[in-house]
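Report on the structure
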Amino acid sequence: MDGSFTHLGNHFDDTASTIETSSVFDLKARRHDDDDETVDETLSLASVPVGRTGMGDRNYGEETDGLSTLDPEMETELPSHACAYCGIHSASSVVKCLACSKWFCSARGNTSSSHIINHLVRARHKEVSLHPQSPLGETTLECYNCGTKNVFLLGFIPAKSDTVVVLLCRQPCAAMPSNKDMNWDTSRWQPLIEDRSFLPWLVSTPGDAEQLRARHLSPQMIGKLEELWKDNANATVADLEKGAGVDDEPAPVLLRYDDAYQYQNVFGPLVKIEADYDRKLKESQSQDNLIVRWDIGLNNKHLASFVLPKLELGDVKLAVGDEMRLRYVGELRAHWEGVGYVIKIPNNQSDEVTLELRRNGGDKSVPTECTIAFCADYVWKATSFDRMQLAMKSFAVDEMSVSGYIYHRLLGHSVAAAPLKTSMPRRFSVPGLPELNVSQVHAVKSVLSKPLSLIQGPPGTGKTVTSATIVYHLAKFTALGSKLSVLQLNPARMLNLKFHSFLYTSRSALTTATWSWPNSHN
Ligand SMILES: Nc1ncnc2c1ncn2[C@@H]1O[C@H](COP(=O)(O)OP(=O)(O)OP(=O)(O)O)[C@@H](O)[C@H]1O
């Protein structure tokens, strides 16, 4: 589908200077319809050097560590709609992200996705508008029927004639007959994003010359820039360079370590990165304008229930036991804040999160008479990360922290397994825990009979129940009861490994069991 188009939606106003929201496009070339207002993109692409209007080729980037940069002086001359990654700024090739008001282009640079899709995915943003001087004019992309602006749901259907398309979301609008008086063939619906780029008739691909002159960011640099924006929305590529070397890549994990110090030097920074990431993620869960429903629990504690839209959007994760701070910021009474534990997260019955406040039901300061104007923040705790660092330190400095066998196995040295003298229980399932399935019984048996164990499985498949069962048996049937400790790590993200739980018994032999699920890919 080539050419330039005019939009015809009911909101269309060709003379308006405000942003249009339009979802019906006329595919006739706009310049043919409206010569006076036409922006001839072909001409403008060929005649405007990328990076600085009218400055010719001089001063275009010099390569530094995979990052081709524009001269900083010239950088300031880039128009405000220049791609925040590469600087390309042809009106037809850029779109504005409505969440952060930054512009991105449809070039791919060194990445497999176009810059705009790269940004939307990394930043979890979803809504865009076209440039005022693009062939379709200043237009926010939205579903003609329901108005949703999530571009990952939007597609188009040729309507009326071959020269008009209508934008509809995949679900539910394209899946049901239109309730407006148009008759579109919804079987012809196609997504607006294909091969990680907007369709070229919507956002054109910059020309080769333009792309060559643009700044070249590696995927790693793009990732770092997106991270910088989380703390400082005005950060630029220049800030990336300033920070170069400070935020060096962590040392890669190895299959074999010389000693526990080397192990700690590699894993310590990774645990810190994981902790920082976790804190940032959790602290971004702050949410205002909450409507709270109050209750008193059986233990006489105040219960505050509310819907967290960010949770529904999948932007944040919350688990039972997490701590949150609830604040009243309205005008009806003095500001108030209280801390509590999450005792319920959304389930099939309700979308609400329920917080059990630490203060008891007799506390008169809890604003139970108010229901609106509440904010909730996540209270991040470093406990589990501190424990991991402490464990690594003990591993490094205390030669009695683990047995010689475990020491060498953890460091990747080949060492023969000493036989383990544990008696097998007659019954593997234990009181108070679910009846184990075959895989779980197999895992428990292996752990009890081998000196080192790795239990792996997809989320929610019963690793914790299995671990608890193992601890029960080890405590009950071995002399280890008083010395037993279990370490659970979840380092999958930082190490890019696929294991989920790691269990060992301190001062005892470690046990290994590989636990495989049918169709398990972890
Ligand atoms: N054999 C079983 N029979 C019935 N329910 C079970 C069984 N094993 C585990 N469950 C239940 O399945 C749920 C998930 O189990 P568990 O928490 O042990 O999984 P997990 O693999 O540790 O999860 P995650 O990866 O999220 O930490 C729990 O509600 C648990 O009670």
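Below, the structure is looked at part by part. (Residues numbered from 1 in each chain as written. Predicted model: local features only at pLDDT ≥ 70, side-chain atom pairs only at ≥ 80, totals over all residues. Heavy atoms only, no water.)

**Observations regarding the pattern of salt bridges**
Applying the stated criterion across every chain, the model contains 14 salt bridges. Among the ionic pairs, Lys230 bridges to Glu227, the shortest N-O distance being 2.9 Å. Here Glu227 and Lys230 lie together in helix H6 (residues 219-231), a separation of three residues that amounts to about one turn. The partner of Lys280 in a salt bridge is Glu227, with the nearest N and O atoms 3.5 Å apart. Of this pair, Lys280 sits in helix H8 (residues 260-283) while Glu227 sits in helix H6, and the two are 53 residues apart along the sequence. (Salt bridge = Lys/Arg side-chain N within 4 Å of Asp/Glu carboxyl O. Helix = DSSP H or I, 4+ residues; strand = E, 2+ residues; numbered from the N terminus.)

**Brief notes about the packing of aromatic side chains**
Evaluation of the coordinates by the stated rule reveals 13 aromatic pairs. For the ring pair Phe395 and Tyr407, a centre distance of 5.5 Å and an interplane angle of 50° mean the geometry is tilted. In this pair, Phe395 is assigned in helix H10 (residues 383-397) and Tyr407 in helix H11 (residues 404-410), connecting sequence segments 12 residues apart. Accessibility expressed as a relative area gives 7% for Phe395, which makes it buried. These aromatic residues form a ring-pair network of at least three members: Tyr257, Tyr263, Phe267, Phe395 and Tyr407. (Phe/Tyr/Trp six-rings, centres within 6.5 Å; stacked < 30°, edge-to-face > 60°. Buried < 20%, exposed > 50% of the residue type's maximum accessible area, 1.4 Å probe, protein only.)

**A closer look at the nonpolar core**
Tyr85, Leu141, Leu168, Leu192, Phe198 and Leu202 are the most contacted members of the largest nonpolar core, which has 50 residues in total. Taken together, the elements giving at least two residues each to this core come down to strand E6 (94-97), strand E7 (103-105), helix H4 (115-123), strand E8 (128-130), strand E10 (154-159), strand E11 (164-169), H6 and helix H7 (237-243). Top element by residues in this core is E11. It accounts for five residues. Core analysis: the second largest hydrophobic core is formed by 21 residues, Leu311, Met324, Tyr328 and Val366 among them. (Core = buried A, V, L, I, M, F, W, Y, C linked by side-chain atoms within 4.5 Å.)

**Observations concerning the site of the ligand**
The immediate surroundings of the ligand are formed by Pro434, Glu435, Leu436, Asn437, Gln440, Pro459, Gly460, Thr461, Gly462, Lys463, Thr464 and Val465. Within the contact set of the ligand, an oxygen atom lies 3.1 Å away from a backbone nitrogen or oxygen of Thr461. In this structure, Lys463 approaches the ligand through a side-chain N or O atom, which is 2.7 Å from an oxygen atom. Look at the ligand: alone it shows 630 Å² of surface, and the protein chains cover 54% of it. In terms of residue count, helix H13 (residues 463-477) provides more of the shell around the ligand than any other element does, three residues in total. (Near = heavy atom within 4 Å. Polar contact = N/O pair within 3.5 Å; in protein donor to acceptor, adjacent residues only side chain to side chain. Areas by Shrake-Rupley, 256 points an atom, 1.4 Å probe, with all protein chains shown as cover.)

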